[in-house]
Amino acid sequence: MRKIIVFVFCITFFSPPLFAQFTKYIVKFKDKTGVPFSINNPSKFLSQRAIQRREKQNIPIDETDLPVVPSYIDSIRLSGNVLVLNQSKWLNQICVETADSAALQKINRFSFVSKTQPVKRLQLNPENRFAEKTIDKFKGEIENFTSIPSLSNDHYAYGFSSDQIRIHHGEFLHNMGFHGEGMIIAIIDAGFYHYKTLPVFDSVNIKNLVIETHDFVDNEESVNEDDSHGMKCFSIIAGNLPNKLVGSSPEAKFLLYRSEDVFSESPVEEQYWIAAAERADSAGADVITTSLGYNLFDNPDFDYSYQDMNGHTSMIAKASTIAAGKGMIILAAAGNEGNDSWHFIITPADAENILAVGAVDGSGMVAPFSSFGPSSDGRVKPDVASVGWGTAISSIDGKIVSGNGTSFATPNLAGLVTCLWQAFPEFTNLEIIKTIQKSCTIYDHPDNRIGYGIPDFQKAFDDLNQQRILKRALIILGNQTLKIYPNPFKNHFSVLIKPERTSNSVFSLFDATGRLYFSKQISLQQGVIRLIDFDMMPSIQKGIYILKYYDGKYTTGLKVVVD
């Protein structure tokens, strides 16, 4: 019913009393005819890093990458007392602020305008709404830690953040040398209060790891003076205070974007988020983490229903799915509505091809506030879970304290995802996501609380390493079904095989006189590539040997040279 009311507003907002209720609008365009850019020359509107991300993952540059037609924007701007706030090339729309009803009527008559819709209601009592929203949206109960955990011989002395790293075997990635170097993480949130001076960010600031900031709410560059929620999330990823808090990806580079206006709740914040995500894409971000979500608004006519949590209704879910299609990994908080009447995930956690993150504590117990899945169209949601109940974060006065919320589970996981992708840059975003899901504790029987479960990054690392071997093996194998390498060899060789039939196959090595040196039986499956290792005894003599492969029907012989 609420969705129908919003639709009616979009059609009939011209009446002065109704128009006066709204201050900001989306203007959606029909096409990109006349845009002065070409998908054949993407360097004019995308960074080289963004282009390379697409090329590496075989993602074509398409019309959604092209900017909004400038002449369309100019026509809107000149239609009356209208301020253009931002734009979305992905959804081909702009956001405007106006109280000029005549201008809005004129805009709707433009042939290139598809529709307009209000996204922000006039605020009458922002103080009360701010108080309600703070309690509802960021449910963290914060208290100081009282003891310092024991230290270990790991690369980092995690201190209070030990549990949230170790529950995922994240220390394995760090010990292997992957701390986020060379990766870019975009954090889209409500503000990053005093990140320039808080001690947890000393390393970040000394190394200049923050490469860009922008406030899409107030249209300015600085985000240092705004709400502290984004700062707390940032500390979980980037903090580096030995024996107190070490983040999950402390050596990455960061884009800090503010899209959330904590003084109100309206769909215009979705548009702010979309503008931020597009900027992150154009700047070459690898990962976007966002601890924001939407279901209910100050104006109930904008409210979503659970049926809308299907991945393709809300603007922010549509944009998140597009962002994933551009080759980035998107992580979104599932929501803190588990104990509320709403109960379910909030958008954009419902988007497709992203990681929606639920909350557990350091021992793996599900947080009662963590929102329930699935998505309304039946997909597993949340996808995974991380520590968001008793998470080590920085407070606004620099203390390391404990916080609760899927808001905090999401950046913790985002940092480890970044480190894993750093280790395997040749894999696509969807391959990384799928491997992370497969590593989870309940992958074979996902539920509606933590999805596939708690990821194990050591397991994911081993899986990707095996996949890497097989990918390289495919290159070596080429069009052949059987190949030996290296050849010649000294005391070890491997066989790459793509069996033509399922069988208990036998590999036998004969010397030049026909004497059997050894025999080995392997169970093989038709079409499934296998890499089989053979370790020879040190006493094997130099010379020419024949490796015979019998699959139960045919025998193949290959010459092997011992050097």
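Residues numbered from 1 in each chain as written. Predicted model: local features only at pLDDT ≥ 70, side-chain atom pairs only at ≥ 80, totals over all residues. Heavy atoms only, no water.

A. Up close: helix H12 (residues 315-325). Met315, Ile316, Ala317, Ala319, Ser320, Ala323 and Ala324 are the residues of H12 that are buried. Tucked inside the fold, the buried residues of H12 contact strand E1 (22-29), strand E3 (93-98), strand E4 (113-121), helix H11 (268-283), strand E12 (329-333) and helix H14 (429-438). Glycine 327 sits one or two positions beyond H12 and adopts a positive phi of about 95°. (Buried < 20%, exposed > 50% of the residue type's maximum accessible area, 1.4 Å probe, protein only. Helix = DSSP H or I, 4+ residues; strand = E, 2+ residues; numbered from the N terminus. Contact = heavy atoms within 4.5 Å.)

B. Region of interest: the sheet that holds strand E22 (residues 555-562). Spatially, four strands are ordered E19-E18-E21-E22 in an open sheet, and the strand pairing comes out antiparallel. The open sheet has two edge strands with one neighbour each: strand E19 (516-524) and E22. Between one strand and the next, the sheet's axes are offset by a mean angle of 20°, whatever the strand orientation. Pairing between strand E18 (residues 503-510) and strand E21 (residues 543-550): five bridges, direction antiparallel. Its bridge partner lying in E21, phenylalanine 507 is registered against tyrosine 549. (Pairing = 2+ DSSP bridges. Axes fitted to C-alpha atoms, helices over the stretch in contact; angles between N-to-C directions.)

C. Inspection of the confidence of the model for the protein at higher detail. Within the protein, residue pLDDT values average 90, and 91% of them lie at 70 or more. Predicted confidence for residues 126-142 stays below pLDDT 50, and this span has 38 contacts to residues more than four positions away or in other chains. (pLDDT = per-residue confidence, 0-100.)

D. Molecular detail of the packing of H14 against helix H15 (residues 457-477). Here H14 crosses H15 at 130°, and the two axes come no closer than 8 Å. Classed by the angle they form, the pair H14 and H15 counts as oblique. As for how H14 packs across H15, the hand of that crossing is right-handed. Seen from H14, the contacting residues are Glu431, Ile432, Thr435, Ile436 and Lys438; seen from H15, they are Phe457, Lys459, Ala460, Asp463, Leu464, Gln467 and Lys471. Its residues assigned to classes, the contact of H14 with H15 shows five nonpolar, two polar and five charged. (Parallel < 35°, antiparallel > 145°, perpendicular 65-115°, else oblique. Left-handed = near helix turned anticlockwise from the far one by under 90°. Nonpolar A, V, L, I, M, F, W, Y, C, P; charged D, E, K, R; others polar.)

E. Representation of the sheet that holds E4 within the structure. One open sheet holds the four strands; their spatial order is E2-E3-E1-E4, and the pairing between them is antiparallel. Every other strand in the sheet has two partners, leaving strand E2 (82-88) and E4 as the edge strands with one partner each. On average, adjacent strands in this sheet sit at an angle of 25° to one another, irrespective of strand direction. Relative to E3, E1 is paired through five bridges, and the arrangement is antiparallel. Of the residues in E3, the one forming a bridge with isoleucine 26 is cysteine 95. Contacting E1, E2, E3 and E4, helix H5 (residues 101-109) crosses the sheet at an angle of about 145° to E4. On the sheet, H11 packs against E1, E2, E3 and E4 and is oriented at approximately 55° with respect to E2.

F. Up close: the environment of lysine 542. Relative to the assigned elements, lysine 542 resides in the loop between strand E20 (530-535) and E21. In this structure the C-alpha to C-alpha distance between lysine 542 and lysine 490, which are 52 residues apart in sequence, comes to 8.2 Å. In this structure lysine 542 touches Val562 and Asp563, once residues within four positions along its chain are discounted.

G. Structural context of the pairing of strand E6 (residues 184-189). Of all six residues in E6, six are buried, a share of seventy percent or more. Burial of E6 is two-sided: the residues Ile184, Ala186 and Ile188 facing one way and the residues Ile185, Ile187 and Asp189 facing the other way are all buried. Judged from the six bridges that link them, E6 and strand E10 (residues 253-258) form a sheet pairing that is parallel. Paired with aspartate 189 across the two strands is arginine 258, which belongs to E10. In this sheet, strand E11 (residues 287-290) lies alongside E6 in parallel orientation, the contact comprising four bridges. When the sheet's bridge partners are listed, isoleucine 188 is paired in E11 with threonine 290.

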